Amino acid sequence: MEAATKKRTLAPVEIVLIILAVLAAAALCVTLVMAIPYMQPEEVDEDPLSLNIRQTEDSFPIPSETEPTGPTLPPPEANPYDRNDFQYNENNYLTCLAGKSIVGIDVSYHQGDIDWEQVRSSGVEFVMMRVGYRGYGESGKLVEDTNFPANIQGALDAGLKVGVYFFSQALNLEEVEEEADFLLERIEGYEIAMPVVYDWEYVSDEARTANMDARTLTDCSRHFCELIREAGYQPMVYFNRNQAAYLLHLEELTDYPFWLAAYTDRMGFPYKVDMWQYTDNGRVPGIDGPVDVDILFVYDD
């Protein structure tokens, strides 16, 4: 029978060295984990709405050499309403006194999770929601709004009429076609009772669209609307007053309804519009924080 092997006892110095090695390894692991975000390629947020773009006259920059667009056709039909034709109702939504109007809102993922039943109960009758956007950076990537699936299903389930828009940063007709296909693919199968909107907005001097001209933007807007109409939906063009004056030939787009962004409770736009986004700072039950509020005009014709 072999003699039992005598166990070796670690010296105090050896124990200290082992502990230090374990601590060093643990510290290295923590450092590597914390460094992971910096080791990955940076994902640039190219969402134009993340820049808090506002469609007001004061914040819409006009390049210094840009001249007002000259008429190419007879002007659009005159606006039948003036500054005295509007009043807030009992729910604090602006309504038209001189004709029929419907209250709506427009949303994106920036409004977060929405209680659509509360929205509906507050007097809102329709919602325009962002399907996606093209990034304003050099890549110009197409991105779906992360809340679009939940927003459209929730709004429809609550009994709201739904329309959609795409935030464009297209530079040419080919990119417009990409955006239209992107949008149409995502709304297929949903009940879209409201318009499908081309929402092109100036973002900044550094954006890929900084040098857009009126001829190109008008052609892009019309092409998008043609594609949407061919697909069986009602197209619409979104703009603010300065954009209408400097970057669009509105008289060439009168085959399609207009959606005006003008943040005031007094109508001062000279041409007939079908929808008016009158505030970007509305308060609506069921939504935390500010939201755009709109009026849809219901014309007899």
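One numbering rule holds for all chains: residues counted from 1, following each sequence as written. Confidence filtering applies because this is a predicted model: local features only for residues at pLDDT of at least 70, side-chain atom pairs given and counted only at 80 or more, and all residues used for totals across whole chains, interfaces and linings. Side-chain figures throughout are based on the complete set of non-hydrogen atoms in the structure, without hydrogens or water.

Description of the nonpolar core
Then, in step 1: Residues belong to a common nonpolar core when they are buried Ala, Val, Leu, Ile, Met, Phe, Trp, Tyr or Cys residues joined through side-chain atoms within 4.5 Å. Relative accessible area decides the class of each residue, using a 1.4 Å probe on protein chains only: under 20% of the type maximum gives buried, over 50% gives exposed, and in between gives partly exposed. The biggest cluster of nonpolar side chains holds 64 residues, and the ones touching the most others in it are Ile 105, Trp 116, Met 129, Val 164, Leu 183, Trp 276 and Phe 297.
Then, in step 2: Residue contacts are counted whenever heavy atoms from the two residues lie within 4.5 Å of one another. In this structure, Leu 183 is in contact with Val 131, Val 164, Tyr 165, Phe 166, Val 196, Phe 224 and Ile 228, ignoring residues within four places of it in sequence.
Then, in step 3: With 19 residues, the next largest nonpolar core counts Leu 49, Tyr 165, Val 197 and Met 275 among its residues.

So, the pairing of strand β7 (residues 196–200)
Then, in step 1: Taking burial as the measure, the 5 residues of β7 include 5 buried ones, the bulk of the element.
Then, in step 2: Where burial is concerned, the two faces of β7 agree: the one with Val 196, Tyr 198 and Trp 200 and the one with Val 197 and Asp 199 are both buried.
Then, in step 3: Two strands form a pair only when DSSP identifies at least two bridges running between them. Numbering of helices and strands starts at the N terminus; helices are DSSP runs of H or I of at least 4 residues and strands are runs of E of at least 2. Judged from the 5 bridges that link them, strand β6 (residues 161–168) and β7 form a sheet pairing that is parallel. The residue of β7 that forms the bridge with Phe 167 is Asp 199.
Then, in step 4: Running through helix α4 (residues 173–187), the crossover from β6 to the neighbouring parallel element β7 is right-handed.
Then, in step 5: Looking at chain direction, β7 and strand β8 (residues 235–240) are connected through 4 bridges and run parallel. From the neighbouring strand, Val 197 faces β8, where its bridge partner is Met 236.
Then, in step 6: In this fold, β7 hands off to helix α5 (residues 214–230), which returns the chain to β8; that crossover is right-handed. Place the viewer so that the strands point away; then a crossover is right-handed whenever the path from the first strand over the helix to the second strand goes clockwise.

A look at the pattern of salt bridges
Then, in step 1: The term salt bridge refers to a pairing of a side-chain nitrogen on Lys or Arg with a carboxyl oxygen on Asp or Glu at a separation within 4 Å. Overall, the coordinates contain 13 salt bridges when judged by the stated rule.
Then, in step 2: For the salt bridge of Glu 144 with Arg 186, the shortest nitrogen-to-oxygen distance reads 3.0 Å. Of this pair, Glu 144 sits in strand β5 (residues 142–144) while Arg 186 sits in helix α4, and the two are 42 residues apart along the sequence.
Then, in step 3: Given the relative accessible area of 29%, Glu 144 is considered partly exposed.

Section: the environment of Met 128
Then, in step 1: Its place among the elements puts Met 128 in strand β4 (residues 126–134).
Then, in step 2: Sequence separation of Met 128 and Val 164 is 36 residues, and the distance between their C-alpha atoms is 5.0 Å.
Then, in step 3: When near neighbours in sequence (up to four residues on either side) are disregarded, Met 128 contacts Ile 105, Asp 106, Val 107, Gly 163, Val 164, Tyr 165, Met 194, Pro 195, Val 197, Trp 259 and Met 275.

Topic: α5
Then, in step 1: Residue count minus one, scaled by 1.5 Å, sets the expected span of a helix. For α5, built from 17 residues, the straight-helix expectation of 24 Å at 1.5 Å per residue is met to within 8% by its first-to-last C-alpha distance of 24 Å.
Then, in step 2: The set of residues buried in α5 consists of Ala 214, Leu 217, Thr 218, Cys 220, Ser 221, His 223, Phe 224, Cys 225 and Ile 228.
Then, in step 3: In this fold, the buried residues of α5 make contact with α4, β7, β8 and α6 (241–246).
Then, in step 4: The opening residue of α5, the one whose side-chain oxygen lies 3.1 Å from the backbone nitrogen of Arg 215, is Asp 213.
Then, in step 5: Remark: Gly 232 follows α5 within two positions and exhibits a positive phi of approximately 100°. A 3.5 Å cut-off defines polar contacts: any pair of N or O atoms within that distance qualifies, except that in protein one atom must be a possible hydrogen donor and the other a possible acceptor, and neighbouring residues in sequence count only when both atoms are side-chain atoms.

A word on the confidence of the model for the protein chain
Then, in step 1: Confidence of the predictor at the level of single residues is captured by pLDDT, which takes values from 0 to 100. Of all residues in the protein chain, 80% attain a pLDDT of 70 or more, and the chain-wide mean is 87.
Then, in step 2: Segment residues 1–5: pLDDT under 50, and 0 contacts once partners within four positions in sequence are set aside and those in other chains are kept.
Then, in step 3: Confidence drops under a pLDDT of 50 for residues 35–44, and excluding neighbours within four residues, the segment shows 2 contacts in the predicted structure.

What to know about the side chain of Glu 252
Then, in step 1: When you line up the elements, Glu 252 lands in the loop between α6 and β9 (258–261).
Then, in step 2: On the basis of relative accessibility, which here comes to 17%, the residue Glu 252 falls in the buried class.
Then, in step 3: At a separation of 3.2 Å, a polar atom in the side chain of Glu 252 contacts the side chain of Arg 222.
Then, in step 4: Apart from the residues within four sequence positions on either side, Glu 252 is in contact with Thr 72, Leu 73, Arg 215, Thr 218 and Arg 222.

A word on the packing of aromatic side chains
Then, in step 1: Two rings from Phe, Tyr or Trp (for Trp, the six-membered ring) form a pair when their centres sit within 6.5 Å of each other. Planes less than 30 degrees apart are called stacked, planes more than 60 degrees apart edge-to-face, and all others tilted. Inspection of the entire model under this criterion finds 15 aromatic pairs.
Then, in step 2: Judged by centre distance (4.9 Å) and plane angle (35°), the rings of Tyr 198 and Phe 224 are tilted. Separated by 26 residues along the polypeptide, Tyr 198 in strand β7 and Phe 224 in helix α5 bring together distant segments of the chain.
Then, in step 3: Here Phe 224 falls in the buried class, since its relative accessible area comes to 0%.
Then, in step 4: Relative to Tyr 271, the ring of Phe 269 has its centre 5.7 Å away and its plane inclined at 85°; by these criteria the two rings are edge-to-face.
Then, in step 5: Note on Phe 269: relative accessible area 6%, which makes it buried.
Then, in step 6: For Tyr 271, a relative accessible area of 28% gives the class partly exposed.
Then, in step 7: An aromatic cluster is built from Tyr 81, Phe 86, Trp 276, Tyr 278, Phe 297 and Tyr 299, whose rings are joined through pairwise contacts.
Then, in step 8: A cation over an aromatic ring shows up here: Arg 186 above the ring of Phe 182, its NZ or CZ 3.5 Å from the ring centre.
Then, in step 9: In our convention, an over-ring charge means Lys NZ or Arg CZ found within 6 Å of a ring centre and within 35 degrees of that ring's normal. Cation over ring: Lys 272 sits above Tyr 299, and NZ or CZ is 4.1 Å from the ring centre.

Points about the side chain of Asn 151
Then, in step 1: Note that Asn 151 resides in helix α3 (residues 148–157).
Then, in step 2: Residue classification places Asn 151 among the buried positions, given a relative accessible area of 3%.
Then, in step 3: Non-local contacts of Asn 151, meaning those with residues more than four positions away in its chain, are made with Val 107, Ser 108, Ile 114, Trp 116 and Met 129.

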